[in-house]
Amino acid sequence: MQEFDIVLRNACVNGSHTCDIGIKNEAITALGLGLVPTEDTEVIDCEGAVVTPGGIDGHVHLAQDRSPRARAAGYVSADTIETGTRSAVAGGTTTVLLFAEQAKGQSLKEQVANYHLLAQEQGSYADYGFHAIITDPTEEVLENELPILARTGGIMSMKLFLTYKHMRISDKQFLKALKKARELKMVALVHAENGDLVDFFTEHLEEMGLTEPMYKAIAHPLEAEAEAVNRAVTFSSIMDTPMVIVHVSVQEPMQIIRKAQSLLKPVFAETCPQYLLLGKQMLAEEHFCGAKYICSPPLRSYPKEIEAIWRGIVNGTFTIFSSDHCPYRFNDPQGKQLGFSRDCNGDPKGIFTKIPNGLPGVETRVPLLFSEGVLKRQCIDVKRFVELTSENPAKLYGLYPKKGAIQIGSDADLVIWHQQESFIPKRLNHDRDLHDGCDYSPYEGIEFLNWPRMTLLRGKIVFREGSIVGKRGYGQFIRRKPCSLPFQRRMGKQWNVLQAAL
Ligand code: DUC
Ligand code: ZN
Ligand code: ZN
């Protein structure tokens, strides 16, 4: 007879069929009706509620304040790896992909080693991996460090920036990095905004004294995003390298991506909760509260652009839905208040270029899409919800089927939702409901029609009925494999410069 540590009874798996889920030694070992528990088995009645695979958030910044640039600017991330992953599991996310950032002049390998140490010191509640942020793609980094990180370190993705003075790479460096990514079977994540275009508008606005948070949206026009996406997609095609355009905020770049996808180019797209729910008018909130919504790309027109992004969620343009959790406290001189100043008359003045960039959202990501997309708009079903929040990130980032699936042999990373009929809708209150280190949520007051009742990570209950019950340090680093999402290689396995040119 099969023995189980846990049996989940009456689980509506991915919203499609009801069965029991048997768990033993961190993995799912049985799916079926009437699984028989032994004396030591914990039986949890899911009451017919939906059960989905643990969320995988492919875009999370924790402790992202260690670079020389961050230290010089004086900002401090609101979340450590401990607090950010605690928050993740409370919102149904069991794996996060964090960023190990190389500053110009630094060794990438050393920075990755530093982030490994940090994760050990701070202790993670969720499983985790790293994307390598490459700002200085020297020969040493590309030829010596990166192959070791990919082949033995299990770091199968790199993030490249086309904007920000301290981070952006030239087009030639971009091509070199993509060529190396292809060789190492890595995925390239790209922050696609045209840096010169953004700098040009920013400088003009500054000259005119237009520096309040709302001018951020003007400094980062959608054309800056569209131009850079077009370039990135073109380069991905020439180099035949799988690429994900992260944090797509607006219709034009989405259409460029969709066209490329229809031609079977290896291009994937990510969007984030803020582009589905928040509009740029929020940047004009009084008392400097607009600073809470400063992120890049910026919030866009509401409802026009929001509706376009929802269409991309429904029609398959977006492969993954990530939080881009990048939290800075609002009432904190090392947080959003860095952009608060006073003019010569002593009147308050916001300076958007000094406001740290980013919003919190790792805990609200999964429940927001479930509540807004599956339950309120009813524009996606649970299957598509699972694709966006778990299955596709697992496939894209080389975690599938260990993660992102409810299958025999997969890690028992699971979210048990509340039975829909008995859930009392709740309006989000940051201080009451969330577990992060930030002091606000951009989704304050939004009504949630469901929320994870329990989260399991590798067979352990880590969040139960509103309380964290997991242990700091239980989360493990996960070595990843190449992307397993389908895409068509333009030139087969033997890509070379000559072939690419022909
Ligand atoms: N890009 C991100 O991906 N996150 C925060 C800020 C940024 O520019
Ligand atoms: Zn970015
Ligand atoms: Zn980000």
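The rules we used
- Residues numbered from 1 in each chain as written.
- Chains lettered and ligands numbered in written order.
- Predicted model: local features only at pLDDT ≥ 70, side-chain atom pairs only at ≥ 80, totals over all residues.
- Heavy atoms only, no water.
- Helix = DSSP H or I, 4+ residues; strand = E, 2+ residues; numbered from the N terminus.
- Rg over C-alpha atoms; globule rule 2.2 N^0.38 Å.
- Buried < 20%, exposed > 50% of the residue type's maximum accessible area, 1.4 Å probe, protein only.
- Contact = heavy atoms within 4.5 Å.
- UniProt positions renumbered as here; feature names shortened; annotations may be inferred.
- Pairing = 2+ DSSP bridges.
- Axes fitted to C-alpha atoms, helices over the stretch in contact; angles between N-to-C directions.
- Donors = N, O, S within 2.8 Å, 3.2 Å for Na, K, Ca; no water.
- Near = heavy atom within 4 Å.
- Polar contact = N/O pair within 3.5 Å; in protein donor to acceptor, adjacent residues only side chain to side chain.
- Areas by Shrake-Rupley, 256 points an atom, 1.4 Å probe, with all protein chains shown as cover.
- Nonpolar A, V, L, I, M, F, W, Y, C, P; charged D, E, K, R; others polar.
- Phe/Tyr/Trp six-rings, centres within 6.5 Å; stacked < 30°, edge-to-face > 60°.
- Lys NZ or Arg CZ within 6 Å of the ring centre and 35° of its normal.
- Expected span 1.5 Å × (residues − 1).

1. A few points about the overall build of the protein
- A tally of regular secondary structure across the protein gives 15 helices and 21 strands.
- In terms of overall size, the protein behaves like a compact globule, its C-alpha atoms giving a radius of gyration of 22 Å where 502 residues would be expected to give roughly 23 Å.
- Taken over the C-alpha atoms alone, the protein extends approximately 75 × 60 × 40 Å along its principal axes.
- Here the protein holds 502 residues, and 62% of them are scored as buried.
- Long-range contacts, defined here as pairs at least 24 residues apart, represent 76% of the contacts in the protein between residues at least 6 apart.

2. Some words on the UniProt feature "modified residue: N6-carboxylysine" (unreviewed entry) in the protein
- Within this numbering scheme, the UniProt entry marks Lys159 as carrying the feature "modified residue: N6-carboxylysine" (unreviewed entry).
- Following the sequence through the fold, lysine 159 ends up in strand β9 (residues 157–161).
- On the basis of relative accessibility, which here comes to 2%, the residue lysine 159 falls in the buried class.
- Those residues within four positions of lysine 159 in sequence are excluded, and the remaining contacts are His59, Phe99, Ala132, Ile133, Ile134, Leu189, His191, Val246 and His247.

3. Describing the sheet that holds strand β8 (residues 127–133)
- Read across the sheet, eight strands follow the order β6-β7-β8-β9-β10-β11-β12-β13 without closing on themselves; strand pairing throughout is parallel. Only two strands of the sheet have a single neighbouring strand rather than two, namely β6 (55–57) and β13 (320–321).
- Relative to strand β12 (residues 267–271), strand β11 (residues 243–245) runs parallel, the two sharing three bridges. By the bridge assignment for β12, valine 244 is matched with phenylalanine 268.
- Along the sheet, helix α9 (residues 251–262) contacts β11 and β12; its crossing angle with β12, the most-contacted strand, is approximately 145 degrees.

4. Regarding the coordination of the zinc ion (ligand 2)
- For the zinc ion (ligand 2), the full set of protein donor atoms is Lys159 (NZ), His191 (ND1) and His247 (NE2), at a range of 2.1 to 2.5 Å.
- In primary-sequence terms, the residues that donate to the zinc ion (ligand 2) follow K-x31-H-x55-H.
- Between the two metals, the zinc ion (ligand 2) and the zinc ion (ligand 3), the spacing is 4.2 Å. One end of the pair, histidine 191, is in strand β10 (residues 187–191); the other, histidine 247, is in the loop between β11 and α9, and 56 residues separate them in sequence.
- What makes histidine 191 buried here is its relative accessible area of 2%.

5. Concerning the pairing of strand β7 (residues 93–101)
- Of all nine residues in β7, nine are buried; the element is thus mostly enclosed.
- Of the strand pairs in this sheet, β6 and β7 are connected by three bridges, and their pairing is parallel. Within β7, the position partnered with glycine 55 by the bridge is threonine 93.
- In the sheet, β7 pairs with β8 via seven bridges, with the strands oriented parallel. Along β8, the bridge assignment pairs leucine 97 with glycine 129.

6. Remarks on the site of ligand 1
- Near ligand 1, the surroundings consist of His59, His61, Lys159, Tyr164, His191, His247, Ser296, Asp324 and Cys326.
- At 2.9 Å from an oxygen atom of ligand 1 is found a side-chain nitrogen or oxygen belonging to histidine 59.
- In the model, a nitrogen atom of ligand 1 is placed 3.1 Å from a nitrogen or oxygen of the histidine 61 side chain.
- Bound to the protein, ligand 1 loses 93% of the 230 Å² it would expose on its own.
- Residue composition of the shell around ligand 1, by class: two nonpolar, five polar and two charged.

7. With respect to the pairing of strand β3 (residues 27–32)
- Taken together, the five bridges between strand β2 (residues 17–24) and β3 define a ladder with antiparallel strand orientation. For lysine 24, the partnering residue across the bridge sits in β3 and is alanine 27.
- Connecting β2 to the next strand, β3, in antiparallel fashion are two residues, including asparagine 25 with a positive phi near 50 degrees.

8. With respect to the packing of aromatic side chains
- Under the defined criterion, the tally for this structure stands at 15 aromatic pairs.
- With a centroid separation of 5.4 Å and 65 degrees between ring planes, the pair formed by phenylalanine 288 and phenylalanine 340 is classed as edge-to-face. One end of the pair, phenylalanine 288, is in the loop between α10 (273–277) and α11 (304–315); the other, phenylalanine 340, is in strand β14 (residues 340–342), with 52 residues separating them in the sequence.
- Look at phenylalanine 288 and you get buried, because its relative accessible area is 9%.
- An angle of 75 degrees between the planes, with centres 5.1 Å apart, marks the rings of phenylalanine 370 and phenylalanine 385 as edge-to-face. Here the residue phenylalanine 370 occupies a position in helix α12 (residues 365–376), and phenylalanine 385 occupies one in helix α13 (residues 382–396), the gap between them amounting to 15 residues.
- In this structure phenylalanine 370 comes out as buried when scored by relative accessible area, which is 2%.
- On the basis of relative accessible area, phenylalanine 385 is assigned to the buried category, the value being 1%.
- The ring centre of phenylalanine 330 lies 5.0 Å from the NZ or CZ of lysine 292, which sits over that ring.
- Positioned above the aromatic ring of tyrosine 474, the side-chain terminus of arginine 458 is 4.3 Å from the ring centre.

9. Things to note about α11
- The end-to-end C-alpha distance of α11, which contains twelve residues, comes to 17 Å, matching closely the 16 Å that a straight helix rising 1.5 Å per residue would cover.
- Where α11 is concerned, the buried positions are Glu305, Ile306, Ala308, Ile309, Trp310, Gly312 and Ile313.
- Just beyond α11, the residue with positive phi is glycine 316, at close to 95 degrees.

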